[in-house]
Every structure is written in C-alpha cells, then in structure tokens.
Amino acid sequence: MDGTPTRIRPMALADCERVSEIRIRGWQHAYRGLIPETYLAGLDVAADAERRRARFAEGTGPVGNLVAERAGEILGWAAYGPYRDGGSPNGDAELYAIYLDPGHVGGGIGRALLTEAVARCSAYPRMRLWVLKDNTRARRFYERAGFRPDGAEEPFEAGGVPVPELRYVKELRG
C-alpha cells in the first residue's frame, strides 16, 4: 500500500467498463488452475461491460454495487444484496462478488470493500457467500473476516466442468 487512502463508493454507470475489466481479470487471476483455462480465456470484457451497462440502466433494485478507488483509479468492485436461495430471498444478505485488479491483491482494498458491504447489510441477520472450494486464498480472506463454512456445497458449472463451491456465513447481529 502506498499510503494513498482507499475510497469506497457506490458504483456509477461510467464505472461499468472498468468494473467488467476488474471482474474478468480477477477471474482469470484468481481461478487459474481451478476453472478450465478455455472457459477463462473465453471471458470477454466488452461483452460483460455491455451486459453490466444494460442491467445498470434498468436499475439494480436491491443489489448494491461498490467500487474501491485509490488516487482516482478504480481497483476493486463488490456486489451484495438479498440472499438468493433458489432464486428467492430468505431474509439473509449475500455477498455476490468481490474482485480486485490483480496487481492490487493484498493491499487492503478487498478488506475495505468487504467491510463496507457487511456494514451496508447490517439490517440482515446473516451474510452468506459462495466461494470455490479449492480457492484457499479466498477462503482464508473470508475466514479472517469472520465468515465460516456452514456445510452447504454446490457445484458451479464452468465450461461444462463442475467446480465445487462452499457456502460461508457470518452472523451480522448479536
């Protein structure tokens, strides 16, 4: 960390391209060796940004999107909202995503984003998230923030290959 403060703020429409770049590069960095390389190579920043702009223009509803900025540059993104249990909310919050520019992993940006997402979900009793079972770095990150596996496991399909995910939970009240 270079001493420049990190600012966490709501994502704006103008941020869509950079957020898509962070998301795609984040996947390609974090999931190398965990998800088929052909799947990762096929991820397209421009197509993701186009979908993101369209969703953003329609309104994000209960979904919150945050960006982390340092010296005017967006270096991370997180999305959170109601937990999607089979497509319907169950009363808990969910961290849908958190990704960083790969060159800035380990500099406190992810922690700042996660802390803000958790704070914005304080009205919920719990926050849940899904993490790739073999992504030990991410699992350690969440565990240091007080999340614990709750025993649920489901496969995520990437390029026709099932990739196991674990569900983590953190109590937000009491």
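Residues numbered from 1 in each chain as written. Predicted model: local features only at pLDDT ≥ 70, side-chain atom pairs only at ≥ 80, totals over all residues. Heavy atoms only, no water.

## Observations concerning the side chain of Asp48
Logical step 1: Structurally, Asp48 is set in helix H3 (residues 45–58).
Logical step 2: Setting aside chain neighbours within four positions, we find Asp48 in contact with Ser20, Arg23 and Ile24. (Helix = DSSP H or I, 4+ residues; strand = E, 2+ residues; numbered from the N terminus. Contact = heavy atoms within 4.5 Å.)

## Side note on the nonpolar core
Logical step 1: Of all hydrophobic cores here, the largest spans 26 residues; its most connected members are Leu95, Leu113, Leu114, Met127, Tyr142 and Phe147.
Logical step 2: Only strand S2 (64–70), strand S3 (73–85), strand S4 (88–100), helix H4 (109–120), strand S5 (126–132), helix H5 (136–144) and strand S7 (161–171) provide two or more residues apiece to this core.
Logical step 3: The element that contributes the greatest number of residues to this core is H4, accounting for 5 residues.
Logical step 4: Each residue touching Leu113, except ones within four places of it in the same chain, is listed here: Ile8, Leu66, Val67, Ala68, Gly76, Trp77, Ala78, Ile98, Tyr99 and Leu100.
Logical step 5: One finds Cys16, Trp27, Val45 and Val163 within the second-largest nonpolar core, a separate group that totals 20 residues. (Core = buried A, V, L, I, M, F, W, Y, C linked by side-chain atoms within 4.5 Å. Buried < 20%, exposed > 50% of the residue type's maximum accessible area, 1.4 Å probe, protein only.)

## A short note on unusual backbone geometry
Logical step 1: Positive phi is not limited to glycine here, since Ala71 has a value of about 55 degrees.
Logical step 2: Looking at the secondary structure, you find Ala71 in the loop between S2 and S3.
Logical step 3: Overall, the relative accessible area of 70% leaves Ala71 in the exposed class.

## Here's the deal with the packing of aromatic side chains
Logical step 1: Within this structure, the stated rule accounts for 8 aromatic pairs.
Logical step 2: On the numbers, 6.3 Å between centres and 15 degrees between planes, the contact of Trp77 with Tyr99 is stacked. A residue pair is termed long-range when its members are at least 10 positions apart, and Trp77 in strand S3 and Tyr99 in strand S4 qualify at 22 residues.
Logical step 3: Classification of Tyr99 as buried rests on a relative accessible area of 12%.
Logical step 4: Three or more aromatic residues link up through ring pairs in this structure, and these residues are Trp27, Tyr31, Tyr39, Trp77, Tyr99 and Phe156.
Logical step 5: Across the ring face of Trp77, the terminal group of Arg52 is positioned such that the distance to the ring centre comes to 4.7 Å. (Phe/Tyr/Trp six-rings, centres within 6.5 Å; stacked < 30°, edge-to-face > 60°. Lys NZ or Arg CZ within 6 Å of the ring centre and 35° of its normal.)

## A short note on H5
Logical step 1: Restricting attention to buried positions, one finds in H5 the residues Ala138, Phe141 and Tyr142. Projected onto a plane normal to the axis of H5, the buried residues spread over an arc of 90 degrees and lie on a single side.
Logical step 2: Phi for Gly146, located one or two positions after H5, is positive at around 95 degrees. (Arc of directions from axis to C-beta.)

## Topic: a positive patch on the surface
Logical step 1: On the surface, Arg111, Arg137, Arg140 and Arg144 cluster together to form a positively charged patch.
Logical step 2: Looking at which element gives the most residues to the positive patch, the answer is H5, with 3 residues. (Patch = residues over 30% accessible without salt bridge, like charges linked within 9 Å, V, L, I, M, F, W, Y side chains within 5 Å. Areas by Shrake-Rupley, 256 points an atom, 1.4 Å probe, with all protein chains shown as cover. Salt bridge = Lys/Arg side-chain N within 4 Å of Asp/Glu carboxyl O. Lys, Arg positive; Asp, Glu negative; His and termini not counted. Charge placed at Lys NZ, Arg CZ, Asp CG, Glu CD.)

## Some details on helix H1 (residues 16–30)
Logical step 1: In this model, H1 (15 residues) spans 20 Å end to end at C-alpha, consistent with the 21 Å of a helix rising 1.5 Å per residue.
Logical step 2: All of the buried residues in H1 are Cys16, Arg18, Val19, Ser20, Ile22, Arg23, Ile24, Gly26, Trp27 and Gln28. (Expected span 1.5 Å × (residues − 1).)

## Quick notes on the packing of H4 against H5
Logical step 1: For the pair H4 and H5, interaxial distance at closest approach is 11 Å and the crossing angle is 50 degrees. By the angle between their axes, H4 is oblique relative to H5. The two elements H4 and H5 cross, and the hand of that crossing is right-handed. Across the interface between the two elements, Gly110, Arg111 and Leu114 of H4 pack against Phe141, Tyr142 and Arg144 of H5.
Logical step 2: Residue composition of the contact of H4 with H5, by class: 3 nonpolar, 1 polar and 2 charged. (Axes fitted to C-alpha atoms, helices over the stretch in contact; angles between N-to-C directions. Parallel < 35°, antiparallel > 145°, perpendicular 65-115°, else oblique. Left-handed = near helix turned anticlockwise from the far one by under 90°. Nonpolar A, V, L, I, M, F, W, Y, C, P; charged D, E, K, R; others polar.)

In short, the description is geometric, and any link to function would need to be established separately.
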